[in-house]
Amino acid sequence: METNEILNNCNFEFKKKFGQNFITDKNLLAAICDDAEISETDEVLEIGVGAGTLTKTLASLSKKVVGYEVDKSLFDVLSLSLKGYENIEIVFKDFLKASSSEVNTMFNGKFKVVANLPYYITTNIIFKLIEEDFNVTSLTLMVQKEVAERLTSKAGTKDYGTITAELDSIADVEIKRIVSRNMFLPMPNVDSAVINIKLNRNKYEIKDIKLHQKVIRASFSMRRKTLVNCLKSNFSLNSEQIEALFEKLKYDKTIRGEVLTTKDFVNLSNAIYDMSKKKL
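Quick summary incoming for the structure in this document. Throughout this description, residue numbers start from 1 for each chain and increase along the sequence as written. Residue-level local features of this predicted model are given only where pLDDT is at least 70; pairs of side-chain atoms are given and counted only at 80 or more, and the full residue set underlies all totals for whole chains, interfaces and linings. Derived side-chain values reflect all non-hydrogen atoms in the structure, with water molecules and hydrogen atoms excluded from consideration.

## Some words on the overall build of the protein chain
Strands here mean DSSP runs of E at least two residues long; helices mean DSSP runs of H or I at least four residues long; both are numbered from the N terminus. For the protein chain, the count of helices and strands is 12 helices and nine strands. Along the first, second and third principal axes, the C-alpha set of the protein chain runs to 70 × 40 × 30 Å. Each accessible area is a Shrake-Rupley result for a 1.4 Å probe, and residues are judged covered by the shown protein chains and nothing else. As displayed, the protein chain has an accessible area near 14,000 Å², and 47% of this comes from carbon and sulfur atoms. Counted as positive: Lys and Arg. Counted as negative: Asp and Glu, with His and the chain ends omitted from the count. Here the site of a charge means atom NZ of a Lys, CZ of an Arg, CG of an Asp or CD of a Glu. Charge-centre separation for the protein chain: the mean point of 40 positive side chains lies 6 Å from the mean point of 38 negative side chains.

Written as structure tokens, this is what we have:
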């Protein structure tokens, strides 16, 4: 039974509040799985199962799929579309309310994330997956094209921001393909892109990852302010300490956070870490 037929038979109504735009094209579904490099030994977490089209493709290629879906009205749809697949487990719950320990226990070890994310929660989900203790090795995500461009932007550009620098600190991010809005049901107002995020938490020598993330967030907290003011507002650092930091790193006092590269943020957070240790 085709997806449209299942949706009609179950009298399913799309809900704007959940940002529901389903993929039905089998070639695109296969391409997403190829971008994620899914193999028969992989266990996969899918966020936003929708009508289960991507879920089925993932299940046919992998060892196990665990899918989180917030819309409980999709129960009947998924019961029909996923019938016969023994390696799929659907959890009807908001993924943003799930703990990392809860999710991790559903897998035998490391897992990959593959998802067609609702636009309105894309950044929240990415932050959750990279900042909490999930046993995840990679994220392959269908996101709004504009978001994909932001995630891969360079320092000093208008698209460069907190999530860009945080991701680049611990991962390699690549846009795999641009996807026309015509490929979705119902059709959204914008085009999309598939991004692949390969986690590499040893990419840089970061002394304290939580402090590093705090430094990045602080640096972008007031984009029109200098880095000096951003640091003063977010850390217990006086003018003398900041001056010593900038002298060590050879930063101009008028520099703004958005021009710092990932390596610059690493150097800055490590320097703040060293300074805090000397005070103890």
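## Some remarks on helix H10 (residues 227-234)
Along H10, the residues that are buried comprise Leu227, Val228, Cys230 and Leu231. One side of H10 carries all its buried residues, which in axial view fall inside an arc of 165°. Only protein chains enter the accessibility calculation, which uses a 1.4 Å probe; a residue whose area is less than 20% of its type maximum is buried, one above 50% is exposed, and one in between is partly exposed. Taking the helix axis as origin, the arc is that swept by the directions to the C-beta atoms.

## A few points about the nonpolar core
Counting 36 residues, the largest nonpolar core has Leu45, Ile47, Tyr68, Phe95, Val103, Val113 and Leu141 as the members making the most contacts within it. Counting only elements with at least two residues in this core, the list comes to strand E2 (43-47), strand E3 (64-69), strand E5 (111-116), helix H6 (122-131), strand E6 (136-144), helix H7 (145-151), helix H8 (162-170) and strand E9 (192-199). The element contributing the most residues to this core is H6, with five residues. The contact definition used throughout considers only heavy atoms, calling two residues in contact when any of these lie within 4.5 Å. Leaving out residues up to four positions away in the same chain, Ile47 has contacts with Tyr68, Phe95, Val113, Val114, Ala115, Asn116, Leu117, Ile125 and Leu129. For our purposes a nonpolar core is just a set of buried Ala, Val, Leu, Ile, Met, Phe, Trp, Tyr and Cys residues, chained together by side-chain atoms within 4.5 Å.

## Topic: the side chain of Thr262
Summarising the element assignment, Thr262 is placed in helix H12 (residues 262-279). Using a relative accessible area of 6% as the deciding quantity, one classes Thr262 as buried. Leaving out residues up to four positions away in the same chain, Thr262 has contacts with Tyr160, Ala165, Asp168, Ser169 and Tyr204.

## Comments concerning the pairing of E9
Counting buried residues along E9, seven of its eight residues qualify, which places the element largely inside the surrounding structure. In the sheet, E6 pairs with E9 via seven bridges, with the strands oriented antiparallel. Note on E9: the bridge partner recorded for Thr140 is Asn196. Should DSSP find at least two bridges between two strands, the strands are taken to pair. Here strand E7 (residues 171-179) runs beside E9; their pairing, made up of eight bridges, is antiparallel. In the strand pairing of E9, Glu174 is matched with Asn196.

## Describing the sheet that holds E3
If you walk across this open sheet you meet the seven strands as E4-E3-E2-E5-E6-E9-E7, and the pairing is mixed. Each edge of the sheet is formed by a strand with only one pairing partner; in this case those strands are strand E4 (88-92) and E7. Going across the sheet, the axis of each strand differs from the next one's by a mean of 15°, ignoring polarity. For helices, the fitted line uses only the C-alpha atoms of the stretch in contact; every axis is such a line through C-alpha atoms, and the angle between N-to-C directions lies from 0 to 180 degrees. Packing of H6 onto the sheet brings it into contact with E2, E5, E6 and E9, and relative to E6 it is tilted by some 175°.

## Section: unusual backbone geometry
Backbone geometry at Glu37 places phi at a positive 55°, although glycine is not the residue there. Mapped onto the fold, Glu37 is located in the loop between helix H2 (26-35) and E2. Unlike most non-glycine residues, Lys250 shows phi in positive territory, near 60°. As for its position among the elements, Lys250 is in the loop between helix H11 (239-249) and H12.

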